[in-house]
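An overview of the molecular structure
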Amino acid sequence: MNKVVASADEAIHDIKDGAVLLLGGFGLCGIPENCIAALVRKGVSGLTCISNNAGVDDFGIGLMLQHKQVKKMISSYVGENAEFERQLLSGELEVELIPQGTLATRCLAAGYGIPAFFTPAGVGTEVAAGKEQRRFGDKDYLMEMAFDADFALVKAWKGDTAGNLIFHATARNFNPMMAMAGRITIAEVEELVPAGELEPDSIHTPGIYVHRIFRGTQYEKRIEQRTVRTS
């Protein structure tokens with residue numbers, strides 16, 4: 001099976017209005033920059049985006065928010081995006097905020113084929129609204145559902161033509177678990193090598209989870225916040 005595609009535009013060609021997307025990354029680290037840019041160019045709308053955060057105003061998912069392409073954000077942290085805040089407060093954007101560990105586990109559950117799980121995170125808070133609650137032992141737990149996403153968009157340091165992926169340092173973050181969870185997983189990589197070149201024990205995401213892969217270009221690799229010592 002040939003998983004290699006020529007570009008981000010080809011990789012996302014069948015993402016349509018109303019799609020549910022998982023987007024890897026943490027802050028601005030390890031985000032699928034090329035795929036996001038291609039989605040902006042394509043102009044799809046009504047998207048539900050599941051991501052740890054919502055980018056910043058002029059980068060990452062923030063670009064799609066600027067173009068009013070996102071209908072709903074499911075995230076853990078969204079504090080660095082003024083346009084996100086404006087759309088939320090004006091009622092233009094539906095938002096579901098969930099604990100970071102729950103976000104990660106909902107991705108894992110989808111990858112494992114587990115429809116739901118119980119967690120104590122969120123009990124007694126707004127997170128619990130409308131969710132089934134059960135008691136195990138002496139503690140209450142909420143039932144959380146696995147994500148049901150059409151596509152997962154992830155970014156890796158290196159991949160091969162069979163779709164095996166290696167992530168670099170903290171850019172690993174949410175990418176491996178989201179790669180497992182999408183019906184169709186699209187991976188963009190900085191380096192694309194022939195199958196068999198990657199050291200098997202170094203592979204973080206096996207190619208069985210990846211449906212399309214391409215070599216990305218012009219990565220900015222922005223730093224969200226930089227703090228330096230005054231001279």
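Conventions adopted
Residues numbered from 1 in each chain as written. Predicted model: local features only at pLDDT ≥ 70, side-chain atom pairs only at ≥ 80, totals over all residues. Heavy atoms only, no water. 1 Å grid on protein atoms, 1.4 Å probe; cavity = no way out; pocket = protein on both sides within 12 Å on 5 of 7 lines; lining within 4 Å. Points joined across faces, edges and corners; volume = space filled by probe spheres on them. Nonpolar A, V, L, I, M, F, W, Y, C, P; charged D, E, K, R; others polar. Buried < 20%, exposed > 50% of the residue type's maximum accessible area, 1.4 Å probe, protein only. Helix = DSSP H or I, 4+ residues; strand = E, 2+ residues; numbered from the N terminus. Arc of directions from axis to C-beta. Contact = heavy atoms within 4.5 Å. Polar contact = N/O pair within 3.5 Å; in protein donor to acceptor, adjacent residues only side chain to side chain. Phe/Tyr/Trp six-rings, centres within 6.5 Å; stacked < 30°, edge-to-face > 60°. Core = buried A, V, L, I, M, F, W, Y, C linked by side-chain atoms within 4.5 Å. Salt bridge = Lys/Arg side-chain N within 4 Å of Asp/Glu carboxyl O. Pairing = 2+ DSSP bridges.

Within the structure shown, the criterion is met by one cavity of 30 Å³ or more. Considering the residues around the largest cavity, the lining is formed by Leu23, Gly24, Gly27, Ile31, Pro32, Ile36, Ser51, Asn53, Gly55, Gly60 and Ile61. The residue inventory of the lining of the largest cavity, partitioned by class, reads five nonpolar, six polar and no charged.

Once that is clear, we can look at helix α4 (residues 82-90). Three or more residues of α4 are buried, namely Glu83, Phe84 and Gln87. Seen end-on, α4 carries its buried residues on one side only, within an arc spanning 105 degrees. Buried residues along α4 sit against α3 (61-66), β3 (70-75) and β4 (94-97). The N-terminus of α4 is capped by Asn81, whose side-chain oxygen sits 3.1 Å from the backbone nitrogen of Glu83. One or two positions beyond α4, positive phi appears at Gly91, with a value near 85 degrees.

This brings us to the packing of aromatic side chains. Scanning the entire structure with this criterion turns up two aromatic pairs. Here the aromatic rings of Phe118 and Phe136 are separated by 5.3 Å at their centres, their planes lie at 65 degrees, and the arrangement is edge-to-face. Taken together, the positions of Phe118 in strand β5 (residues 116-119) and Phe136 in strand β6 (residues 133-136) put the pair 18 residues apart, joining distant regions of the chain. Each ring, one from Phe136 and one from Tyr141, has its centre 5.4 Å from the other, and the planes form 80 degrees; the classification is edge-to-face.

Attention shifts here to helix α2 (residues 33-42). If you check which residues of α2 are buried, you get Glu33, Asn34, Cys35, Ile36, Ala38 and Leu39. Where the residues of α2 are buried, they touch α1 (8-11), β1 (20-23), α3, β8 (149-160), β10 (182-193) and β11 (212-215). Following α2 by one or two positions, Gly43 has its phi on the positive side, about 80 degrees.

Below, the discussion takes up the environment of Gly130. Mapping Gly130 onto the fold places it in the loop between β5 and β6. Linking Gly130 and Leu142, residues twelve residues apart in sequence, is a C-alpha distance of 9.9 Å.

Okay, the nonpolar core next. Ranked by size, the top nonpolar core spans 28 residues in total, and within it Ile15, Leu21, Met64, Leu153 and Ile186 carry the most contacts. At the level of elements, α1, β1, α2, β2 (47-50), α3, β3 and β8 are the ones that each hand at least two residues to this core. Top element by residues in this core is α2. It accounts for four residues. If we ignore the near neighbours within four places in the chain, the residues touching Leu153 are Ile15, Leu21, Leu22, Leu23, Gly24, Pro32, Cys35, Leu39 and Ile186. Within the second largest apolar cluster, 24 residues are counted, among which are Val20, Ile74, Met178 and Ile213.

Under the criterion given, the structure shown has 18 salt bridges. When the shortest N-O distance is used, the salt bridge between Arg183 and Asp150 registers 2.8 Å. You can see Arg183 sitting in strand β10 and its partner Asp150 sitting in strand β8, a full 33 residues away along the chain. When its relative accessible area of 25% is taken as the criterion, Asp150 is described as partly exposed. Glu191 serves as the salt-bridge partner of Lys158, at 3.8 Å between the closest nitrogen and oxygen. Within this pair, whereas Lys158 is found in strand β8, its partner Glu191 is found in strand β10, the two being separated by 33 residues in sequence.

The subject of this paragraph is the environment of Ala152. In this fold, Ala152 is placed in strand β8. Separated by 26 residues in the primary sequence, Ala152 and Met178 place their C-alpha atoms 6.1 Å from one another.

Let us look at the pairing of β6. Of the pairings in the sheet, the one linking β6 to strand β7 (residues 139-145) comprises four bridges and is antiparallel in character. The partner of Gln133 across the bridge, within β7, is Leu142. Following β6, the chain reverses through two residues before pairing antiparallel with β7; Gly137 in that reversal takes a positive phi of roughly 65 degrees.

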